[in-house]
Amino acid sequence: MIIAGGVYVEDCVTPRTTQLLGSAGRATVALSKMRSDLELHTYHPPELWEDVRVNFAPVCTKCQLYSSNSRVHFSYLFPLGRPLQTPYLDPSDERHFVTGEQAIIFGCVEGDFVVRANVVVADLQGSTSKGFRAAGSHAEKLAIVLNGREVMSRTGKPTITEAANELLEIEKAEVVVVKDGPNGSCVFTRTAYPAPVPAYSSKSLYKIGSGDIFSAVFAHFWMEGAAPVAAADLASRHTAAYVESPSLPLTKELPVQTAREPKIVDQIILVGGQNSIKDQWFMELLSEAISHLGKFDIRLVETNTLGHQLREASERNHSVSVLCIAGDKTEAHSMLMDPIISMTDPVIFLDNSYEQAGIEVPKGRVFADLSQAIYELFWMPI
Amino acid sequence: MIATKGMIDMGGSATFPTNGNNNSSPMDGNGEGRDKCPKKLKAVVTGPALGIATGARLEVTLDSTSSPPRVVLVDPTSNSIVGSLAGIPNLDVLLGCLENGVGYRAFVDSVDGGRVDVTVTQQ
C-alpha cells in the first residue's frame, strides 16, 4: 500500500510533545503492525532525507523521498488549537506521480501527489488541489475522507448531505466519509442511505493526527474487503483509542468502548475571566478552536452575566452548552457554588487541581484535559 | 550535515532500499564530534510493551536485525526489547552516535495508558 503525503515536525505545548510524523508518517507507523506492504512517499529537504529514512524505513518496504526546500513544522498550543505552520509555503505546482495497487493520499503543503492505483483512499485535508480527479489522479475504486467544512467548501453546497452526494458524482467515488468531530462521521455511498457512525468515548483527547488515524484505519479495513460503514466504525474506534493514548503502531486489539450520544447544540457559552489580555486571549483562542467543530453561536461571558445570557438563550429556545474556565482553585470553587452556573447542565470545569483537591462537584463534569472538555460540550453525559 | 544515502534521481527524489546500511555518522573515526551527539532528548516510545513502569531505566541500543537498524529500548532486567524510537526529529544523529559507541540510557517519565514518555540521556 502506498502512503503519500507530508512528514512534518509537530510540536505541542500541552501535552508537551515533539514528533516527526505528519499525516503520511503517522499513517505509516500506525499501520506497520497490520500490514507489511507499506510504501511511504513524501517531501523533505535532501539534507534531511537520512533522518526520514532512519525514522520510517524500518516499518515500510520502500521510502520514496521528493525534494523540498524546508522541513515544515506545525506548532500547537493544545491539540484542538489551530497550529502555526513554519515556514509558510505558497501554494505550489509541485506534482509527483505514484503508481500502485492500493494507495492512501493525504493533502500536502509542499505539493500534490498524483496517483494511479486500483483502490485509493484520498484524505484531501489541507490540499490546495481542486479535487482528486481534477488533479489528474485515477482510481478504479475511490473513497474520499474529509470533514464537513471541507466537503461543503469543495462543492459549494449548503448541507453536508448535498455536498457529499455532489462529491460522489464529481469524483466518481464509491464512498465519501464525512468526519464531524464529536458527532462521529457519516458514510455516503451511491447505493445506500447515509449511515452515521458514532464517536467513541475516550478519557482524554490527543487530537493531533486523529484524522490521519481515521483515514489510515478506514483505508486498511476497506481495502481488506470490509463494508464502508464497518470500516468507518473500526476507524472511529481506533481513533478513540489513539486520542486517549496516542501510542503507535496501532494494534488490532481495541479496548471496550462506548459510543457517545451527540447533543444538539445551538449555542456554546464560555464562562471565564476577561479582565486581562491573557484571559481574553485564552478565551478567544478557545472560541476559535470550538468554532471549527460545527455551526453554532459562541458567546464569551463572565460569571456575573451568565444568567442574562442563559435567559436570552431560553427565550430563543436555544440548546446551550456551558464551558467554565477556572483560572485557579478559588475561582473554580466560587463557580461551582454559583447558583446560576450550577443550574446549567452540563457545566464543565477545567482546573485539574479539582479532582486532586477532592472538592465536591454538585453538578456537571470536571475535566483536566482541555480538548476533552471541549468535546464533552457536544456529548450527552455517559 | 549528514550525508544522504540512496539513489538520487534527476527530479530531486530518492528511493531508499530498506536493506541498506546507515553509514551516516556525526563523528569521525577518532570519535571526535561527540559534542554533536544530543545530550538529552524527550520521546514518546513506539510500540511500548506492557508492563513498563514510570521511573524505570532502560538501555538504548541498536537493533541491527532490522534494516536500517532501529533504535530500541531494552529492559536490562529481562534483556528484552520494550519499545523503539521512531517519529523523532534528528533520529539519524542519535543512531550515528550509538553506532559510534556513544552510550545512552532512557528514563521512563510517565506511562499514561499506552503512551510512554521517556527522557533519553547521554552517558
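In this text, all values refer to a predicted model and were calculated from it rather than measured experimentally.

### Digging into unusual backbone geometry
All names here are of chain A.
Working step 1: The residue after Thr14, namely Pro15, is reached through a cis peptide bond having omega 0°.
Working step 2: Looking at where Pro15 falls in the secondary structure, it is placed in the loop between strand E2 (9-12) and strand E3 (17-20).
Working step 3: With an omega of -5°, the peptide bond running from Leu248 to Pro249 counts as cis.
Working step 4: Here Pro249 lies in the loop between helix H6 (228-244) and strand E14 (267-271).
Working step 5: One non-glycine residue, Lys172, lies in the positive phi region at around 50°.
Working step 6: Tracing the backbone shows Lys172 in the loop between helix H4 (160-170) and strand E11 (175-179).
Working step 7: Its 15 C-beta neighbours within 10 Å are what place Lys172 among the partly exposed residues.

### What to know about the environment of Asp123 of chain A
Residue and element names in this part refer to chain A.
Working step 1: Take Asp123: it is sitting in strand E9 (residues 112-123).
Working step 2: For Asp123, a count of 29 C-beta atoms within 10 Å corresponds to the buried category.
Working step 3: Sequence spacing of Asp123 and Ser23 is 100 residues, and the spatial spacing of their C-alpha atoms is 9.4 Å.
Working step 4: With near-sequence residues (within four places) excluded, Asp123 lies in contact with Ser23, Ile104, Phe106, Gly107, Val145, Leu146, Gly211 and Ser215.

### Focus on the domain arrangement of chain A
It is common to give the size of an interface as the accessible area lost on bringing the parts into contact.
Residue and element names in this part refer to chain A.
Working step 1: Partitioning chain A into domains gives domain 1 (2-244) and domain 2 (267-376).
Working step 2: Every contact between the two is made by eleven residues of domain 1 and, on the other side, ten residues of domain 2.
Working step 3: Partitioning the side of domain 1 that touches domain 2 into residue classes produces six nonpolar, three polar and two charged.

Basis of the calculations
- Here the residue numbers are simple positions, counted from 1 along each chain's written sequence.
- Labels are handed out in written order, letters beginning with A for the chains and numbers beginning with 1 for the ligands.
- Local features in this predicted model are restricted to residues of pLDDT 70 or higher, and side-chain atom pairs are both shown and tallied only at a pLDDT of 80 or more, whereas totals for entire chains, interfaces and linings draw on every residue.
- The numbering of helices and of strands both runs from the N terminus, where a helix is a DSSP run of H or I of at least 4 residues and a strand a run of E of at least 2.
- Here the C-beta atoms are placed from the backbone, and a residue counts as buried if at least 20 other C-beta atoms lie within 10 Å of its own, exposed if 12 or fewer do, and partly exposed otherwise.
- In this description, a residue-residue contact is defined by the distance between C-beta atoms placed from the backbone, which must lie within 7 Å.
- Domain delimitation in this document rests on an assignment produced automatically or drawn from a domain database.
- Note that Gly is not counted as nonpolar here; it falls among the polar residues with everything else outside the nonpolar set of Ala, Val, Leu, Ile, Met, Phe, Trp, Tyr, Cys and Pro and the charged set of Asp, Glu, Lys and Arg.

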